[in-house]
Amino acid sequence: MRIDISYKFIMGFIIVVASIVLLNVVAPHLGIPEEWQQLVTVSVAILVGLILGSIFSKAFTANIRHLTEAAENLSNGNLSRVVRLRSTLFPDETHDLALSLNRVVESLRELVGYIRTSSTKVAESSQNLSATSQQITASAHEVTNTIEQVSRGAETQAEMIERCSHLIKEMAISIDMVASSADRVEDSARDTADNAQRGGDLARATMKKMKQVLGEVEQNGAQIVSFGTQVQKIGKIVEVITGIAQKTNLLALNATIEAARAGEYGRGFAVVAEEISKLADSTGRSAGEITDLIGAIREENQKVQASMKESIGEMDAGREALDSTGQAFEAIIQTALGTQVKATGIAELSQKQTDGARELVVAIDEISKVVTDNAAATEEVSAASEQQAASMEDMAHSAQALSALAENLLDVVKRFQVGTERG
Amino acid sequence: MEQVLVFQLGEETFGLEVALIQEVVESPHLHYIPRAPNHVLGAINFHGNILPVLDLASYQGFLSGTRDHRVIVLPPEVCSLALAVASIRRIIPLDAEALLPFPREQQEQLYIRAVLNCQGTMINLLDTTRLLASLETV
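Right, let's walk through the structure included here. Every chain's residues receive numbers from 1 upward, in the order its sequence appears when written. Ligands are numbered from 1 and chains lettered from A, in the order in which they are written. Where totals are concerned, whole chains, interfaces and linings use all residues; where local detail is concerned, this predicted model gives features only for residues with pLDDT of at least 70, and gives and counts side-chain atom pairs only at 80 or more.

**Some details on the overall build of chain B**
The cut-off we apply is this: Secondary structure elements follow DSSP: runs of H or I of four or more residues count as helices, runs of E of two or more count as strands, with numbering from the N terminus. Exposure in this text rests on C-beta crowding, where 20 or more other C-beta atoms within 10 Å of a residue's own make it buried, 12 or fewer make it exposed, and counts in between make it partly exposed. The C-beta atoms are placed from the backbone. Contact between two residues is assigned when their C-beta atoms, built from the backbone, lie within 7 Å.
In terms of helices and strands, chain B carries two helices and eleven strands. Listing the helices and strands of chain B from first to last along the sequence gives β-β-β-β-β-α-β-β-β-β-β-β-α. A total of 138 residues make up chain B; the buried ones form 32% of that total. Taking as baseline every contact in chain B between residues at least 6 positions apart, the subset at least 24 positions apart corresponds to 52%.

**Considerations on the overall build of chain A**
Summing up its helical and strand segments, chain A has four helices and zero strands in all. Ordering the α and β elements of chain A from the N terminus gives α-α-α-α. The buried share among the 423 residues of chain A stands at 13%. Relative to all contacts within chain A whose residues are 6 or more apart in sequence, the contacts with residues 24 or more apart total 85%.

**Describing the interface of chain B and chain A**
Our working definition: By the convention adopted, Pro, Cys, Tyr, Trp, Phe, Met, Ile, Leu, Val and Ala count as nonpolar, Lys, Arg, Asp and Glu as charged, and the other residues, Gly among them, as polar.
Contacts between chain B and chain A engage nine residues on the former and seven residues on the latter. When grouped by side-chain class, the residues that make up the side of chain B that touches chain A number five nonpolar, one polar and three charged.

**Section: helix α2 (residues 34-76) of chain A**
Residue and element names in this part refer to chain A. The condition is simple: Multiplying 1.5 Å by the residue count of a helix minus one yields the expected span of that helix.
Given a rise of 1.5 Å per residue, 43 residues ought to cover 63 Å, and the 61 Å separating the end C-alpha atoms of α2 matches this to within 8%. Listing the buried residues of α2 in full gives Thr-41, Ala-45, Asn-63 and Ala-70. Tucked inside the fold, the buried residues of α2 contact α1 (5-26) and α3 (93-262). At the exit of α2 stands Gly-77, carrying a positive phi of roughly 95°.

**Digging into the sheet that holds strand β6 (residues 70-73) of chain B**
Which entries qualify depends on this criterion: When DSSP finds at least two bridges between two strands, those strands are taken to pair. An axis is simply a line fitted to the C-alpha atoms; with a helix, the fit covers only the stretch in contact. Between two such axes, the angle follows the N-to-C directions and lies from 0 to 180 degrees.
Spatial ordering of the open sheet is given by β3-β6-β7-β5-β4 (chain B), a layout of five strands whose pairing is mixed. Each of the sheet's edge strands pairs with one partner strand only, and the pair in question is β3 (23-26) and β4 (40-46) of chain B. Taking each pair of neighbouring strands and ignoring which way they run, the sheet shows an average axis angle of 30°. The pairing of β4(B) with strand β5 (residues 49-55) of chain B spans six bridges and is classified as antiparallel. The residue bridging Gly42(B) from the neighbouring strand is Val53(B), located in β5(B). Sheet contacts for α3(A): β3 and β6 of chain B; angle to β3(B), the most-contacted strand, approximately 160°.

**Remarks on the sheet that holds strand β1 (residues 3-9) of chain B**
Residues and elements named next belong to chain B. Spatial strand order, β8-β1-β2-β11-β10-β9: six strands in an open sheet with mixed pairing. Either end of the sheet is taken by a strand with one partner, and the two such strands are β8 (87-93) and β9 (99-101). Put simply, the sheet's adjacent strands are angled 35° from each other on average, direction ignored. Looking at chain direction, β9 and strand β10 (residues 112-118) are connected through three bridges and run antiparallel. Paired with Leu-100 across the bridge in β10 is Val-115.

**Some words on the pairing of strand β2 (residues 12-17) of chain B**
All names here are of chain B. Examined bridge by bridge, β1 and β2 share six bridges and lie antiparallel to one another. Looking at β2, one finds that Leu-9 is bridged to Glu-12. Between β1 and β2, which pair antiparallel in sequence order, lie two residues; one of them, Gly-10, sits at a positive phi of approximately 60°. Where β2 lies against strand β11 (residues 121-126), two bridges are found, and the strand directions are parallel.

**Overview of unusual backbone geometry**
Residue and element names in this part refer to chain B. Residue Arg-35 is not a glycine yet carries a positive backbone phi of 55°. Tracing the sequence through the fold places Arg-35 in the loop between β3 and β4. Take Arg-35: there are 4 C-beta atoms within 10 Å of it, and that puts it in the exposed class.

**Topic: the environment of Met177(A)**
Relative to the elements of secondary structure, Met177(A) occurs in helix α3. Classification of Met177(A) as exposed rests on a count of 11 C-beta atoms within 10 Å.

**A short note on the nonpolar core**
In plain terms, the rule: Put simply, a nonpolar core is buried Ala, Val, Leu, Ile, Met, Phe, Trp, Tyr and Cys residues tied into one set by C-beta atoms within 7 Å.
Within the largest apolar cluster, 49 residues are counted, with the highest numbers of intra-cluster contacts made by Val4(B), Leu5(B), Ile72(B), Ala82(B), Leu83(B) and Val85(B). Not counting residues within four places of it along the chain, the set of residues in contact with Leu83(B) comprises Leu54(B), Leu56(B), Val71(B) and Ile72(B). Core analysis: the next-biggest nonpolar cluster, separate from the first, contains eight residues, Ala182(A), Ala189(A), Ala196(A) and Ala203(A) among them.

**So, the packing of α3(A) against helix α4 (residues 267-414) of chain A**
Residues and elements named next belong to chain A. Rules: Small angles under 35 degrees read as roughly parallel and large ones over 145 as roughly antiparallel, with 65 to 115 read as roughly perpendicular and the rest as oblique.
Following both chains from N to C, one finds α3 and α4 inclined at 180°, their axes separated by 2 Å at the closest point. As far as their axial angle goes, α4 and α3 are roughly antiparallel. Residues belonging to the contact of α3 with α4 are distributed by class as follows: 83 nonpolar, 53 polar and 23 charged.

**Considering the packing of α1(A) against α2(A)**
Residues and elements named next belong to chain A. Selection rule: Note: crossing handedness is left-handed where the near helix turns anticlockwise from the far helix by less than a right angle, and right-handed where it turns clockwise.
Close contact between α1 and α2 brings their axes to 9 Å; oriented N to C, the two are set at 155°. Viewed along their axes, α1 and α2 adopt a mutual orientation that is roughly antiparallel. Crossing angle aside, the handedness with which α1 passes α2 is right-handed. Each of Lys-8, Gly-12, Ile-15, Val-16, Ser-19, Ile-20, Leu-23 and Asn-24 in α1 lies in contact with α2, whose residues at this interface are Val-40, Thr-41, Val-44, Ala-45, Val-48, Gly-49, Leu-52, Gly-53 and Phe-56. In terms of residue class, the contact of α1 with α2 is built from ten nonpolar, six polar and one charged.

**Describing the environment of Ile173(A)**
Residue and element names in this part refer to chain A. Mapped onto the elements of the fold, Ile-173 is located in helix α3. We classify Ile-173 as exposed; it has 12 C-beta atoms within 10 Å. A C-alpha to C-alpha distance of 8.2 Å links Ile-173 and Thr-354, two positions 181 residues apart in sequence.

Put into structure tokens, the structure is as follows:
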């Protein structure tokens, strides 16, 4: 049953007064002299008052002391203890105060625990943040480096593309030259084909002529052989003539001899005989000349026959050569026609190549523009990443400051002893 | 005017008077005469008479090379003999003024009676009398 302190004081006073009254009533009955009765009553009242006062004040001061200790503990940050007052039959405001204090301690304890865990978490988080921001800074630096490399690469790319463009322009010129060369080759191949055609026609005509000539030569050979036999016959006739001349000569000789024997009568006969002898000599000489001529003719004839045979052989070889020449011209025509077709193909292809090269030049110019844009964008990215790196460093500093703050908070909160059960 | 038949013996030119010649004939088949001297080539049939053929060149000591296919037949009143020579040339007139004497002592073996100068060519005239005489002694 709760009784306020003021009521307790009133109760004690009432008890002292009641004891005085009671003693005044009881004292005449106890046989105490009259003169002593007042004194005893007073002393007993004082005694009762002292006893009650001491009991009450002891209890009260004990509670106050407890509360003071608890408040001191609280002020010292010790939140581990709970205020426990001696339980009495009649609790008073001190007990209320103790309960309030306990609630305060409880609240503080929760608050400190919360702050402690929160600041620990903040410290951890800010450390993590710091580490992360450092990593991000490092990454940003790397990004910056990479972007610088990219920027350099873009410059190299631009140079390469310029060279590429130059090369492609040169290539286009070369291709134009190839095209014109191919045109010329085509013309040449056409000329070659025409010439080979004419050459083939000529070779065929020559062949025809040669066959004709060969036939004539063979005919000539036969004629020469028959001529040789004719000449041989002439030779035989000449032999006969020679024999006749010799006989005539002999007859003339003998006639001369006979005439000489006849003396003066034979003189005229001798002259005739001499003339005959001269004629015979002349005939013999002519026959000899004819024989010589026939010999020369036969020799010449044999030579002509031999050379004719040789000529026929050579003509056969010539015919074979002409045949091969005709075939060669055919092959040349085929080759030239093939060359013409190929050259036309090359010309068309090189035309396409020229178109392609022009398109390539346009495309390369566009690539060059894109590369220039890329370089500019890369520089912007580089600047941005540097800014990012700076921001990240700031953030890291902030995180470190935050961590320091959290640690300070922890230090501050560490003063409060929460007790083991709460951590 | 006398005439001379000119013929060749080796390199030398000889002559014989036409009066001392019967006929010049183509040498028909030459019959071999056994055990005859070397300078007798053989025998011919001359109009039914057998005539020995004398190799005049080898008989006078010339190298007998080529031989004319004709032989000179001497008249039968002179001698039944035919002469084989290297070659028979022609008949030329005998100019007595162009005759040069031949020193007989010089060559006993050569039967030459005189030398005829016929336009620079020396023609030895055959001495038939001595030749036939020498043949008789053989």
